[in-house]
Amino acid sequence: MKVHIQQSKLKWHYLWRGLRFIHAKVPSLLPSVALGALLKAFSPFITIYLTARIIDELFGARSAAYLAWLAAVTVILNLIVYLLQKAMERIKDMGEFRLLYFGSFEMDQLILNTDYENVEKPDFHLKKQKIDEAANMNRRGIWQLPELISSFIANLCIVAFAVTLSIPLFLALSVHSDSFFNSPWLSLLFLALILCSSLYSVRSNARFSKWAFHKMDAMMPINRAFSFYGHLMQDHQLGKDIRIYQEQKLIKKAYDDFNRRGMVSFCFDISRRQGRFWAGSAALSALISGFVYLFVGMKALIGLISIGSVVQYVGAISQFTTGFSELITSATDIWQDLDYVELYFKFLDTPNPKYKGTLPIEKRNDNEYEIEFRNVSFKYPGSGIYALKDLSLKLKIGEHFAVVGRNGSGKTTFIKLLTRLYDPQEGKILLNGIDIQKYDYQEYLQLFSVVFQDFKLFAFSVGQNVAADVHYDKERAMECLDKAGVGDRIRKMSKDLDTPLYKIDADGVEISGGEAQKIAIARALYKDEMNQPRHLIRLPNLRSIPNSRKLPATKPRFTSRTDFLPAASVTIF
Ligand SMILES: Nc1ncnc2c1ncn2[C@@H]1O[C@H](COP(=O)(O)OP(=O)(O)OP(=O)(O)O)[C@@H](O)[C@H]1O
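Residue indices follow the written sequence of each chain, beginning from 1 at its first position. Only residues with pLDDT of 70 or above have their local features reported here, since the model is predicted, and side-chain atom pairs are shown and tallied only from 80 upward, although totals for entire chains, interfaces and linings are computed over all residues. Side-chain metrics in this entry use all non-hydrogen atoms of the structure; hydrogen atoms and water are not considered.

How should I be thinking about the overall build of the protein chain in this particular structure?
Each helix and strand counted, the protein chain has 16 helices and seven strands in total. Taking all contacts inside the protein chain whose residues are at least 6 apart in sequence as the whole, residues at least 24 apart take part in 77%. Here, Shrake-Rupley sampling with a 1.4 Å probe gives the accessible areas, and only protein chains in the shown set may cover a residue. Carbon together with sulfur atoms contributes 60% to the accessible area of the protein chain, which is approximately 31400 Å² in total. Helix and strand definitions follow DSSP, with helices as H or I runs of at least four residues and strands as E runs of at least two, each counted in order from the N terminus. Note on contacts: a residue pair is in contact if any heavy atoms of the two residues lie within 4.5 Å.

Here is the structure:
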């Protein structure tokens, strides 16, 4: 019970937070949802009420002027309500579109800015995947909330209008008639039937949503693999390897397997369950309609209500039965959607594990900066094996320094710790005697320019890639490209620094692996020069370093002799 109350509190919290979020991002959305829903609910009742009055007039006084007035009011009111409703729908559609953008943008911002440690955690991506899949496959999440609220408000108004129009029917009892249809018990039975049908659809809907929520968990690994193989086929950069090693069959088979196992069975499952639910609801609704006609018709036959009122009551009760059932369904849907809203906000609330100090980096005129690793040990999260164990060393920034070692001996890990992409579990890393965790992280990062082995360039212009910025110093960017040995190649490109990389843009150019590496080095040099750090560069291999020879090191070795170089790879400062 206590757990239940806590869960409810949590849901209310996320509903409130979701509404505030939506209103902050798109202020026009919720008002247009509420007004649009009200108009949508109002619209059928104009026709029901005024048609009943027209029929009564036709069977009564038959005043042509009054009939014309009733017809004109019906048409004009319908037109006004229709136009206003469409205007609200348009504002709502635009708002939902903007919400989709802002909602995704918040997640993208988090992914771009959260601590690197988070980005490497599979759990982090699973959460994001679940949010995306809920939005795309189940139409659930913060994006769906306005639509569900619209449905809730519309159905609430339908129920209110229908009750207002139907009340006289239940009060229409005659003391002169002992007909079964004059009995108040029949009215009660009738109400009970409507309630039962609504509860049936609520229960079925709740079961179905619960099943879909859990089914999604089971489907996630399959979906992930499915979209992975789908992307493999579309990624032109993989095209070379796929053709040379004739991997088409392998990829197609994996894709087909996951398709069969996952998507097909999932869709069949959904159709079967939905089919049963819809068939049950349709049968019940037909039964109730029959009963409504019988109930209202008999009241008219025994003279309790007019002919026009038959139209009014049948229309109002039909609206009530569907409205009430959909009201509960939309309330349940909102309640269940809040699970996904919670997922969304929990993802946005992902904490940053890294401690970030506030100390500014000391600006020294003598450029004397010393890094010290003191008994540093590190295991990757979830790994039982030390990637680095009890490492102690001192190095001066600005001097050339090489880290040599076999594949997997920990050279990249050393750089990741130095640049605080990770923090060590044991030991300390010090800059001029102060623990690097105490420095302002952004300022500390300015000290380093790193070219990782698996560096990435982006489909921006060459200049933007070098400067890692939209606006940049063109002269300096070209100088850096020259220093990296790729300046002439860039000058020959159609728009030199403004030439976009890669074929995503129609004018984009493809570049060789070596050219890409040199542009990446130019990027490091640019940052180095702009920020005046004593730069650190990691080279991925030894293409540009002469006199290399094999060194059977199983642990990284640290040396300041650049002529005595390595094994499988090397890190140079
Ligand atoms: N993200 C990670 N999660 C778990 N283990 C990792 C991760 N990255 C690297 N490792 C493991 O940590 C060890 C050190 O890896 P590291 O990348 O530092 O080696 P390296 O010396 O740079 O190798 P290479 O010369 O091949 O680039 C390896 O055993 C590697 O498998």
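Still to come is the rest of the account.
How should the UniProt feature "transmembrane region" (unreviewed entry) in the protein chain be read in this particular structure?
UniProt positions are given in the numbering used here, feature names are shortened, and annotations may be inferred rather than shown by experiment. Taken from the UniProt record, the annotation "transmembrane region" (unreviewed entry) applies to residues 29–52, 64–84, 148–173, 185–202 and 277–296. Overall, residues 29–52 shows 100% helix and 0% strand. The separation of its end C-alpha atoms is 36 Å. Summarising residues 277–296: 100% helix, 0% strand, and an end-to-end C-alpha distance of 28 Å.

Just to check I follow, could you spell out the packing of helix H2 (residues 29–59) against helix H6 (residues 145–171) for this structure?
For any two helices packed against each other, one specifies the crossing angle of their axes together with the interaxial distance. Angular values range over 0 to 180 degrees, each being the angle between N-to-C directions of two axes fitted as lines to C-alpha atoms, with helices fitted over their stretch in contact. At a closest axis distance of 8 Å, the pairing of H2 and H6 adopts a crossing angle of 30°. Here H2 runs over H6; the crossing is right-handed. Only Pro-146, Ile-149, Ser-150, Ile-153, Ala-154, Cys-157, Ile-158, Phe-161, Ala-162 and Leu-165 of H6 make contact with H2, whose side of the interface consists of Leu-29, Val-33, Ala-34, Ala-37, Leu-38, Ala-41, Phe-42, Phe-45, Ile-48 and Tyr-49. Residue composition of the contact of H2 with H6, grouped by class: 19 nonpolar, one polar and no charged. Should the near helix be turned anticlockwise from the far one by less than a right angle, the crossing is left-handed, and should it be turned clockwise, the crossing is right-handed. Under the scheme applied, nonpolar residues are Ala, Val, Leu, Ile, Met, Phe, Trp, Tyr, Cys and Pro; charged residues are Asp, Glu, Lys and Arg; polar residues are all the others, including Gly.

Mind showing me how you'd approach the pairing of strand E2 (residues 386–396) here?
Here is the key point about a regular strand: its side chains alternate between the two faces of the sheet. Strand pairing is defined by DSSP finding a minimum of two bridges between the two strands. Here strand E1 (residues 370–379) runs beside E2; their pairing, made up of seven bridges, is antiparallel. Across the sheet, Glu-372 pairs through a bridge with Lys-394, a residue of E2. Hairpin connection between E1 and E2: a loop of six residues separates the two successive antiparallel strands, and Gly-382 in this loop has a positive phi of roughly 85°.

Would you take a moment to explain the packing of aromatic side chains for this structure?
Here a ring pair, both rings aromatic, is described through the centre-centre distance and the interplanar angle of the planes. Think of it this way: a Phe, Tyr or Trp ring, Trp meaning its six-membered ring, pairs with another when their centres are within 6.5 Å, and the plane angle makes it stacked under 30 degrees, edge-to-face over 60, tilted otherwise. Counted by the stated rule, this structure contains 21 aromatic pairs. Summarising the aromatic geometry, the rings of Tyr-380 and Tyr-422 are spaced 5.3 Å apart at their centres and angled 85° between planes, so their arrangement reads as edge-to-face. With Tyr-380 in the loop between E1 and E2 and Tyr-422 in the loop between helix H11 (411–418) and strand E4 (426–431), this pair connects stretches of sequence that are 42 residues apart. Throughout this description, the term charge over a ring refers to an Arg CZ or Lys NZ atom that lies within 6 Å of the ring centre and within 35 degrees of the ring normal. Just above the ring of Tyr-49 sits the side chain of Arg-53; from NZ or CZ to the centre is 4.6 Å. The aromatic ring of Tyr-386 is capped on one face by Lys-389, whose charged end is 4.4 Å from the ring centroid.

Hey, could you run me through the confidence of the model for the protein chain in this one?
Note that predicted coordinates carrying low pLDDT should not be read in detail. Of the residues in the protein chain, 89% reach a pLDDT of 70 or more, and the chain-wide mean stands at 83. Values of pLDDT, the confidence the predictor places in each residue, fall between 0 and 100. Per-element confidence in the protein chain ranges from a low mean pLDDT of 44 for strand E7 (residues 569–572) to a high of 95 for helix H3 (residues 64–113). Note that residues 539–554 has pLDDT below 50 and, in this model, 41 contacts with residues that lie over four places away or in other chains. Throughout residues 559–573 the model reports pLDDT below 50, and contacts reaching past four residues in sequence, or to other chains, amount to 70 contacts.

How do you make sense of the side chain of Lys-354 when you look at a structure like this?
By the secondary structure assignment, Lys-354 is in the loop between helix H10 (307–348) and E1. One buried charged residue, Lys-354, forms no salt bridge at all, with the nearest opposite charge on Asp-115 at 4.5 Å. Identification of polar contacts relies on pairs of N or O atoms within 3.5 Å, with a donor-acceptor requirement for protein atoms, meaning one able to donate a hydrogen and the other able to accept it, and with residues adjacent in sequence counted only if both atoms are side-chain atoms. Polar side-chain contacts of Lys-354 include one of 2.2 Å to the backbone oxygen of Arg-420. Ignoring any residue separated from it by four or fewer positions in sequence, one finds Lys-354 in contact with Asp-115, Arg-420, Leu-421, Asp-423 and Tyr-441. Between buried and exposed lies partly exposed: a residue is buried under 20% and exposed over 50% of the maximum accessible area for its type, with that area taken using a 1.4 Å probe on protein chains only. His is not counted, nor are the chain ends, whereas Lys and Arg count as positive and Asp and Glu as negative. The salt bridge definition used is simple: a Lys or Arg side-chain nitrogen within 4 Å of an Asp or Glu carboxyl oxygen.

Would you take a moment to explain the side chain of Arg-53 for this structure?
Summarising the element assignment, Arg-53 is placed in helix H2. Apart from residues no more than four positions distant in its own chain, Arg-53 is found in contact with Leu-70, Ser-309 and Gln-312.

Mind showing me how you'd approach the environment of Leu-393 here?
As for its placement among the helices and strands, Leu-393 is situated in strand E2. For Leu-393 and Phe-373, which are 20 residues apart along the polypeptide, the C-alpha to C-alpha distance reads 5.2 Å.

Would you explain the packing of H3 against H10 in this entry?
For the pair H3 and H10, the least separation of the axes is 9 Å and the interaxial angle reads 35°. You can see that H3 and H10 cross each other, and the crossing is left-handed. Counting all contacts with H3, which are made through Gly-103, Glu-106, Met-107, Leu-110 and Ile-111, the residues of H10 involved are Tyr-344, Phe-347 and Leu-348. Residue classes in the contact of H3 with H10 are distributed as six nonpolar, one polar and one charged.

Help me out: how do you make sense of a positive patch on the surface in this one?
Only residues whose relative accessible area exceeds 30% and that take part in no salt bridge are eligible for patches, with like-charged residues grouped when within 9 Å of each other and nonpolar side chains (Val, Leu, Ile, Met, Phe, Trp, Tyr) grouped when within 5 Å. For charged residues, the charge sits on one atom: NZ in Lys, CZ in Arg, CG in Asp, CD in Glu. Taken together, Arg-203, Arg-207, Arg-273 and Arg-276 make up a surface patch of like positive charges. Where the positive patch is concerned, the elements lending two or more residues are helix H7 (184–234) and helix H9 (248–301). Looking at where Arg-207 falls in the secondary structure, it is placed in helix H7. Classification of Arg-207 by relative accessible area gives exposed; the value is 53%.

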